[in-house]
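Next come the chains, spelled out residue by residue.
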Amino acid sequence: MSFQFRFASIMDLRRRQRDEAGAAVGKANQAIAKIDQQSDEVRRLQQEIRDQTASGRVGEVAVERLLSTGRYEMQLQADLVQLQETRNELVRERDRRQAALVEAEAEVKRFERLESNERDFYQSEMRRHEQADADERSNQAYILARRKPAT
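As a convention, each chain's residues are numbered from 1 in the sequence order in which they are written. Two thresholds apply to this predicted model, a pLDDT of at least 70 for residue-level local features and 80 or more for giving and counting side-chain atom pairs, whereas whole-chain, interface and lining totals are computed over all residues. Just so you know, side-chain values use all the structure's heavy atoms and leave hydrogens and water out.

1. A few points about the overall build of the chain
- Here a strand is any run of E in DSSP of at least two residues, a helix any run of H or I of at least four, and the numbering for each starts at the N terminus. Looking only at helices and strands, the chain has two helices and zero strands in total.
- Think of it in three bands: residues with accessible area under 20% of the maximum for their type are buried, residues over 50% are exposed, and the middle band is partly exposed, with areas taken using a 1.4 Å probe on protein chains only. Buried residues in the chain amount to 16% of all 151 residues.
- For this analysis, residues touch if any pair of their heavy atoms sits within 4.5 Å. Put simply, of all contacts in the chain between residues at least 6 apart along the chain, 90% involve residues at least 24 apart.
- Exposure was quantified through the Shrake-Rupley algorithm and a 1.4 Å probe, taking into account, for residues, occlusion by the shown protein chains and nothing else. Here the chain displays about 11,800 Å² of accessible surface, and carbon together with sulfur accounts for 52% of that area.

So, in structure tokens, the structure goes:
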């Protein structure tokens, strides 16, 4: 197996790893956005309950309804706390994935530089060999020309 083929395979692997790391960051961002939407929905429900409770304070008070509403508000607050904890975990995971993406990108760039250096070296060697061959042909032509007797 030639060096170029192995090198190309390694480059493909590194690029694939980088792309997968980028996709993982994207999925983490999507999950965070979903948690944010759910949190907004819970906050909207909390505000809706507050508005209903404020307008229902005039006149007779239904104790059972008030207790039920209070329990529901507490459940919504607990949901909101749980969503915030989940979001914090997701942010930490996204940050970890982002760091992996940065590392994968650096690895790809490192291999691209190595590939470029190797290509430059190969081209330089080819030019050196071509020049050596041209010099050898010139020398042989000169020697042959000197050997021919002048007529």
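This is not the end of the story, as more comes after the structure.
2. Focus on the pattern of salt bridges
- A pair is scored as a salt bridge if a Lys or Arg side-chain nitrogen falls within 4 Å of a carboxyl oxygen belonging to Asp or Glu. Per the counting criterion, the structure on display carries 15 salt bridges.
- In this structure, glutamate 105 and arginine 18 form a salt bridge, with 3.7 Å as the shortest nitrogen-oxygen distance. Pair noted here: glutamate 105 is in helix α2 (residues 63–147) and arginine 18 is in helix α1 (residues 3–55), with a separation of 87 residues, a long-range link.
- A relative accessible area of 27% means that glutamate 105 is categorised as partly exposed.
- Several salt bridges share partner residues, and in doing so they unite Arg14, Glu103, Glu107 and Arg110 into one network.

3. Here's the deal with the side chain of serine 39
- Here serine 39 lies in helix α1.
- Exposure remark for serine 39: the relative accessible area of 4% places this residue in the buried category.
- Ignoring any residue separated from it by four or fewer positions in sequence, one finds serine 39 in contact with Leu80 and Leu83.

4. Things to note about the side chain of glutamate 107
- Within the secondary structure, glutamate 107 is located in helix α2.
- Here a polar contact means two N or O atoms within 3.5 Å. Within protein one must be a hydrogen donor candidate and the other an acceptor candidate, and residues neighboring in sequence count only if both atoms are side-chain atoms. A distance of 2.3 Å separates a polar atom in the side chain of glutamate 107 from a polar atom in the side chain of arginine 110.

5. A closer look at a negative patch on the surface
- Patches here are clusters of residues that have more than 30% relative accessible area and form no salt bridge, with a 9 Å joining cutoff for like charges and a 5 Å cutoff for nonpolar side chains (Val, Leu, Ile, Met, Phe, Trp, Tyr). The sign given to each residue is positive for Lys and Arg and negative for Asp and Glu; His and the chain ends receive no count. Just so you know, the charge point we use is NZ for Lys, CZ for Arg, CG for Asp and CD for Glu. Taken together, Glu130, Asp133, Asp135 and Glu136 make up a surface patch of like negative charges.
- For glutamate 136, a relative accessible area of 42% translates into the label partly exposed.

6. Regarding α2
- Between its first and last C-alpha, α2 extends 124 Å over 85 residues, near the 126 Å set by a 1.5 Å rise per residue.
- When α2 is considered as a whole, its buried residues turn out to be Thr69, Leu76, Leu80, Leu83, Val91, Leu101, Ala104, Glu107, Val108 and Phe111. Working rule for helices: expected span equals 1.5 Å times residues minus one.

7. What to know about the nonpolar core
- For this analysis, a nonpolar core means a set of buried residues of the types Ala, Val, Leu, Ile, Met, Phe, Trp, Tyr and Cys, connected via side-chain atoms within 4.5 Å. Grouped together as the largest cluster of nonpolar side chains are seven residues: Ile35, Val42, Leu45, Ile49, Leu76, Leu80 and Leu83.
- Within the residue set of this core, elements represented by two or more residues are α1 and α2.
- Here this core gets four residues from one element, more than from any other, and that element is α1.
- Those residues within four positions of isoleucine 49 in sequence are excluded, and the remaining contacts are Thr69, Tyr72, Glu73 and Leu76.

8. Here's the deal with the environment of valine 102
- Along the chain, valine 102 falls in helix α2.
- Sequence separation of valine 102 and alanine 21 is 81 residues, and the distance between their C-alpha atoms is 8.8 Å.

By themselves, these are just geometric observations and shouldn't be taken as functional.
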